[in-house]
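Notes for the structure review
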Amino acid sequence: MGLLIKNGEIVTAESRVRGDIFIENETISAIGTGLAVPPGTEVIEATGKLVFPGFIDPHVHIYLPFMGTFAKDNHAAASAAALIGGTTTFIEMACPSRKEDTLETYHTWKQKAEGNSACDYAFHMGVSRFDDKTEAQLTEVVKDGTTSFKIFLSYKNFFGLDDEEMFHTLKLAAKLGVITTAHCENAELVSQLQQQLLAEGKTGSEWHEPSRPEAIEAEGTTRFATFVEQTGATGYVVHLSCAPALRAAMEAKMRGVNLHIESVLPHFLLDKSYAERAGVEGMKHIMSPPLRDKRNLPVLWNALKSGLIETVGTDHCPFDTEQKLMGAKAFTQIPNGIPGIEDRVNLMYTYGVKRGGLSIHRFVEALSTNAAKLFGLYPRKGTIAVGADADLVIYDTEYRGKISAATHHGINNYNGFEGFAIEGRPSVVTVRGKVQARDGAFVGQAGRGRMLRREPRL
Ligand code: URP
Ligand code: ZN
Ligand code: ZN
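Residues numbered from 1 in each chain as written. Chains lettered and ligands numbered in written order. Predicted model: local features only at pLDDT ≥ 70, side-chain atom pairs only at ≥ 80, totals over all residues.

**Regarding the packing of helix H4 (residues 163-176) against helix H7 (residues 214-231)**
Formally: Axes here mean lines fitted to C-alpha atoms, for a helix over just the part in contact, with angles spanning 0 to 180 degrees between N-to-C directions. To qualify as a helix, a DSSP run of H or I must reach at least 4 residues; to qualify as a strand, a run of E must reach at least 2; elements of each kind are numbered from the N terminus. Angle categories are assigned with fixed cut-offs, so that under 35 degrees is roughly parallel, over 145 is roughly antiparallel, 65 to 115 is roughly perpendicular, and the rest are oblique. Throughout, a crossing is termed right-handed when the near helix is turned clockwise from the far one, and left-handed when it is turned anticlockwise from it by less than a right angle. Any pair of residues counts as being in contact when their C-beta atoms, constructed from backbone geometry, are within 7 Å of one another. Only Asp, Glu, Lys and Arg are considered charged in this grouping, and only Ala, Val, Leu, Ile, Met, Phe, Trp, Tyr, Cys and Pro are considered nonpolar; every other residue, Gly among them, is considered polar.
In contact at an axis separation of 9 Å, H4 and H7 are set at 45 degrees when each is read in the N-to-C sense. Taken together, the axes of H4 and H7 lie oblique to each other. In terms of crossing hand, the pair formed by H4 and H7 is right-handed. Contact residues: Met-166, Phe-167, Leu-170, Lys-171 and Ala-174 in H4; Phe-227, Val-228 and Thr-231 in H7. Classifying every residue of the contact of H4 with H7 by side-chain character gives six nonpolar, one polar and one charged.

**Observations concerning the packing of helix H2 (residues 102-113) against helix H3 (residues 134-143)**
Between H2 and H3, the shortest axis-to-axis distance is 9 Å and the interhelical angle comes to 25 degrees. Put simply, H2 runs roughly parallel to H3. Judged by residue contacts, Thr-102, Leu-103 and Tyr-106 of H2 engage Thr-134, Gln-137, Leu-138, Glu-140 and Val-141 from H3. Along the lines of polarity and charge, the residues of the contact of H2 with H3 split into four nonpolar, three polar and one charged.

**A short note on the domain arrangement of the protein chain**
A common way to report how large an interface is uses the accessible area buried once the components associate. Filter applied, for reference: Bear in mind that the domain bounds are from an automatic or database domain assignment.
Domain boundaries assigned for the protein chain yield domain 1 (3-52 + 384-400 + 423-439) and domain 2 (55-374). Computed from C-alpha atoms alone, the centre-to-centre distance between domain 1 and domain 2 is 31 Å. Those elements giving two or more residues to the side of domain 1 that touches domain 2 turn out to be strand S17 (421-431) and strand S18 (434-438). Broken down by element, the side of domain 1 that touches domain 2 gets its largest block of residues, six residues, from S17. Residue composition of the side of domain 1 that touches domain 2, grouped by class: eight nonpolar, three polar and four charged.

**Things to note about the nonpolar core**
Here is the rule we go by: The term nonpolar core refers to a group of buried residues, namely Ala, Val, Leu, Ile, Met, Phe, Trp, Tyr and Cys, whose C-beta atoms join them within 7 Å. Working definition of burial: number of other C-beta atoms within 10 Å of the residue's own, with buried at 20 or more, exposed at 12 or fewer, and partly exposed in between, all C-beta atoms being placed from the backbone.
In this structure, Val-51, Val-237 and Ala-249 are the most contacted members of the largest nonpolar core, which totals 137 residues. For this core, the domains that each give at least three residues are domain 1 (3-52 + 384-400 + 423-439) and domain 2 (55-374).

**Quick look at the sheet that holds strand S11 (residues 148-152)**
Basically, it comes down to this: We treat two strands as partners when DSSP finds at least two bridges between them.
The strand order S6-S9-S10-S11-S12-S13-S14-S15 describes an open sheet built from eight strands, whose pairing is parallel. With one partner strand each, in any of the chains shown, strand S6 (55-60) and strand S15 (311-313) form the two edges of the open sheet. This sheet shows a mean twist of 30 degrees between the axes of neighbouring strands, independent of strand direction. Here strand S13 (residues 234-237) runs beside strand S14 (residues 259-264); their pairing, made up of three bridges, is parallel. When the sheet's bridge partners are listed, Gly-235 is paired in S14 with Leu-259.

**Comments concerning helix H14 (residues 360-374)**
Note the following rule: Every helix has an expected span of 1.5 Å times one less than the residues it contains. Bend is computed residue by residue as the angle between axes fitted to the seven residues ending at the residue and the seven residues starting at it.
Over its 15 residues, H14 extends 20 Å from the first C-alpha to the last, a length consistent with the 21 Å expected when each residue adds 1.5 Å. By the largest-angle criterion, Ala-366 marks the main kink of H14, which is about 50 degrees. Among the 15 residues of H14, twelve are classified as buried, and the element is accordingly described as predominantly covered. Along H14, the positions that sit buried rather than exposed are Arg-362, Phe-363, Val-364, Glu-365, Ala-366, Leu-367, Ser-368, Thr-369, Asn-370, Ala-371, Ala-372 and Leu-374. Just downstream of H14, Gly-376 is the residue with a positive phi angle, here 75 degrees.

**Structural notes on the pairing of S11**
Selection rule: Seen with its strands pointing away from the viewer, a crossover is right-handed when the path leading from the first strand over the helix to the second is clockwise.
A large share of S11 lies buried, amounting to five of its five residues. Neither face of S11 is open: one carries Ser-148, Lys-150 and Phe-152, the other Phe-149 and Ile-151, and all of them are buried. In this structure, strand S10 (residues 120-126) lies alongside S11, joined through two bridges in parallel fashion. Note that in S11 the partner of Gly-126 across the bridge is Lys-150. In this region the chain leaves S10, passes through H3 and returns to the parallel neighbour S11; the handedness of that crossover is right-handed. Note on the crossover from S11 through H4 to strand S12 (residues 179-183): the handedness is right-handed.

**Here we look at the site of ligand 1**
To keep it simple, the criterion reads: To decide whether a residue is near a molecule or strand, its C-beta atom is placed from the backbone and checked for lying within 6 Å of it.
Close to ligand 1 lie His-61, His-183, Met-287, Ser-288, Asp-315, Cys-317, Asn-336 and Gly-337. Taken together, the residues that form the shell around ligand 1 break down as two nonpolar, five polar and one charged.

What follows is the structure, given as C-alpha cells:
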C-alpha cells in the first residue's frame, strides 16, 4: 500500500514548494500537486506543516567504552529518541582504543546496532593506531561500505594517534578514496596542562576548559589540515568549537586544502559557564572540545549562516550523573560527553531559523543534505526527490514546549539543555515510507533500521 503526504510545504536545501509526495516501496515515487493515487493509499494531511528530508546526524556515540565506563545508551533507545526528534539516519563512531583490534571493533559495533536501531545508520571507522595489519583491515572495512574514518589527535594513550600514524592513515584514506574525520586537539598539551592544574589543586569541572584552551584546538586543526594537504586526503574537522580553530580551518581552505567543518549542538547553545556550575551540574556539561567562552557562539552561528560550517551534528555521548561523579575529585576523570540526539533539530530550528536569522534552506543543508553528500548517502538520503528513500519529517511549527529530562526519550537521567524552550517539533517522521514517530512518541517498528553501505569518493 502506498502513502501520500498531502499538501505540505516541501522544504529542501534549494527549494520550498507546496505539494504532495507519493511513496511506494520505501521510496518517493512522485511529487506534485493534486496527485492522483491508487485506492487504498494511506493519506497523511500535511496542510500548514513543513515537510523536510529526514535529518542526518553525522556524529554520534551510542556504544562507547570510554574513560573507564560505557556511554549510557543502546541502539534501540537512541534511535527511538533520534526519530522522535526528526533524525532518520545517524553515523556512529566505531572507536577502538589503541589496544583493540580494528576489525574486531568494527564487528562489535555492527552487532550492537544490527536488529536494534529503528532508524538507518552508518559508521565512521575509528583508527587508533597504524601497524602492519591496519592497511588490510581498513581496506576490508571500506569494502564493506564504511567509507569514512575517524581519528583523534587528542586522548593520549587511549584513542589518540601520533603524527606518524596520522600520516599513514591519511595516505591510505587518500588511496582508498575515503574521507577522514578528526577530533583536533593537541594531546600532549592537554595532558601537560591537566597535570599542571591538578598539581595546583584545581580539580573542579570549571578547570576543564582551561586545560584545553582554544589555542590547543587551533593547533590541532592546523596540524590536521597540514597533514591532509600533504597527503592529498579529504579531511573533516569534527565538533569545531571556537573562533581560533575556525580561523585555522579557513586558512587551510583558502589555500585549497580539501577540508570540511562540522560543529555540534552544544557549542551553538551552551557556553563554559554551564561547566563552571557547582558540583554535578557543572560535570553534566563536560565535553571535549569544551564549552567555550560565550564570545564564540555568534562566531559559530555566523559561520553556519554563511556556509563555512557545513554540517551540524550532536556528538551525542551520554553519561549519567553517577558516571559524571567519577570525576568529583578530579575534572580529568569526568566522562566527556553531552547527549543531544533527540534535541538537535528542534533546538537548531528554534534558535537558528525561528529566532536567529538562519535560512531554512541552510538549516536543511547543514542538518541533512551536506552530511549525505560528504558521506556518500546522497541523493538516497538528504533530499526530497523522486527515487530517494522516503525519509520525511512533517514538521509542526506551531508546537511550543521545553526540553526536559522528565519528558525526553533517551535513557540518560539528565538533559544538558534542560529548560530550553522549543518552537516546533516533528509531527510525523517516516523512514523509508514507514511512520516511525508521531508527535513526540515512537510509534514504529523497533530494529527496522538498516546499515547504509556507501561507495568510496574516488
Ligand atoms: O566529549 C566528547 N566529545 N565525547 C565524545 C568523544 C569525542 O571526543 O567525540
Ligand atoms: Zn571528539
Ligand atoms: Zn564525538
